[in-house]
Amino acid sequence: EAEKIRLAEETRRKAEEEARIAEQERVRKEAEQRRLAEEARKKAEEDARIAELEKQRKEAEARSLAEAKSKEEALRLEQEFKKQEAERIKLAEEARRKAEEEARIAEQERVKKEAEQRQLAEEARRKSAEEARLAQMEKQKEEANARALAEAQAKEEAQKRLEEQRRLTEEQTRQKAAEDAARRADQLKQEEERIRKETERIRENEERLRQQLLEEQQKKQAELNRQAEERKRQTMADLSANRGNPIPVEDLSARYGSENTVEQVQLNKIILTRTVHNRDGVITFYSRVQHDNGSIYHFKNGELITAWQYQHENK
């Protein structure tokens, strides 16, 4: 049994080997056939390419030859056309010059005829104008004579009317002047009376207003003097109180009896220089306050004033 199996196995391996060899041979033959077919195809393609190149070369040569012939023919035709065109232009130019010459001669003839016609027409116009001018002058002469006669008659009539009008006007003027003089004299009297009354009324009003203003000014001045005196006394009283030596209000006039009195007081960090003016019983206080930081202030009756006013009023 083992022998059978071995023989069968060998037979199978042999068959497989033969099949493998046969397959290899088949594959080799197919590859060889494909190689031969590929070489045949490549050769056919090369032959076709060479044939195509040869065909293209021949076609290119044919085209070049045709183009050369075409260019030569075109050049010949162009030269022929240029020659014909030059001939045509020459003939046209000659015809144009001939036509222009004929037109120039015709124009000269026309201008000559028109000039002759204008000359004849101008002579006829001048003759007609001269005749019309003479007729117009004769007519104007007759009209001037007629106007002169009419103007002389009208002037004579106007002179007569003017004399009559002037006489009437002078008479009316004399009458009106007399009436106006009488009326103006009456109006002048009335106006003088009115002005006199108006002047009297204005004078009375002005006098009354002047009296009223004077009374009001006196009252205001008295009140201002009273207020100023009160402020002066109060200020001096306050300043004296700060120094520890109060001054009675009623003693100010007695204390500052001279026209100018200057006092200097050293207070806390300030120097107070006071100038008192007593002029006709009216007391005015001027103060110069100098602080230890250098700042300086000026006062008149307790009100701040400028340094210039202080110096000017204390000269």
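Everything numeric here is computed off the predicted structure, so don't read it as measured data.

1. Things to note about the side chain of arginine 274
Point 1. Mapped onto the fold, arginine 274 is located in strand β2 (residues 270-279).
Point 2. On the accessibility criterion, arginine 274 (2% relative accessible area) is buried.
Point 3. Within the local environment of arginine 274, its side chain forms a polar contact with the side chain of glutamate 263, the two groups lying 2.5 Å apart.

2. A few points about the confidence of the model for the chain
Point 1. Confidence along the chain averages 81 in pLDDT terms, with 86% of residues attaining 70 or more.
Point 2. Within the chain, the element-level pLDDT minimum falls on helix α2 (residues 252-255), averaging 67, and the maximum on helix α3 (residues 307-313), averaging 91.
Point 3. When the criterion is pLDDT under 50, residues 240-250 qualifies, and its contacts beyond four places in sequence or with other chains add up to twelve contacts.

3. Side note on the sheet that holds strand β1 (residues 260-267)
Point 1. The sheet built from five strands is open, its strands ordered β1-β2-β3-β4-β5 with antiparallel pairing. Of all strands in the sheet, those bounded by a partner on one side alone are β1 and β5 (303-305). Taken over all neighbouring pairs, the strand axes of this sheet differ in orientation by 25° on average, direction set aside.
Point 2. Sheet topology places strand β3 (residues 282-291) next to strand β4 (residues 296-300); five bridges connect them, and they run antiparallel. Residue pairing in the sheet places serine 287 in a bridge with phenylalanine 299 of β4.

4. Points about the environment of aspartate 280
Point 1. Mapped onto the elements, aspartate 280 comes out in the loop between β2 and β3.
Point 2. Taking C-alpha positions, aspartate 280 is 8.6 Å from glutamate 259, a pair spaced 21 residues apart along the chain.

5. Digging into the pattern of salt bridges
Point 1. Taken as a whole and judged by the stated rule, the model has 35 salt bridges.
Point 2. Salt-bridge contacts for arginine 12 lead to glutamate 9; the nearest nitrogen and oxygen are separated by 1.9 Å. Taken together, the positions of arginine 12 and glutamate 9, both in helix α1 (residues 2-243) and three residues apart, correspond to about one turn of that helix.
Point 3. Overall, arginine 12 belongs to the partly exposed group, its relative accessible area being 38%.
Point 4. Overlapping salt bridges, with partners in common, bring together Glu9, Arg12, Arg13 and Glu16 in one network.

6. A short note on the packing of aromatic side chains
Point 1. Per the stated rule, a full pass over the model turns up one aromatic pair.
Point 2. An angle of 70° between the planes, with centres 6.4 Å apart, marks the rings of tyrosine 286 and tyrosine 310 as edge-to-face. You can see tyrosine 286 sitting in strand β3 and its partner tyrosine 310 sitting in helix α3, a full 24 residues away along the chain. When sorted by exposure, tyrosine 286 lands in the same class as tyrosine 310, which is buried.

Calculation notes
Residues numbered from 1 in each chain as written. Predicted model: local features only at pLDDT ≥ 70, side-chain atom pairs only at ≥ 80, totals over all residues. Heavy atoms only, no water. Helix = DSSP H or I, 4+ residues; strand = E, 2+ residues; numbered from the N terminus. Buried < 20%, exposed > 50% of the residue type's maximum accessible area, 1.4 Å probe, protein only. Polar contact = N/O pair within 3.5 Å; in protein donor to acceptor, adjacent residues only side chain to side chain. pLDDT = per-residue confidence, 0-100. Contact = heavy atoms within 4.5 Å. Pairing = 2+ DSSP bridges. Axes fitted to C-alpha atoms, helices over the stretch in contact; angles between N-to-C directions. Salt bridge = Lys/Arg side-chain N within 4 Å of Asp/Glu carboxyl O. Phe/Tyr/Trp six-rings, centres within 6.5 Å; stacked < 30°, edge-to-face > 60°.

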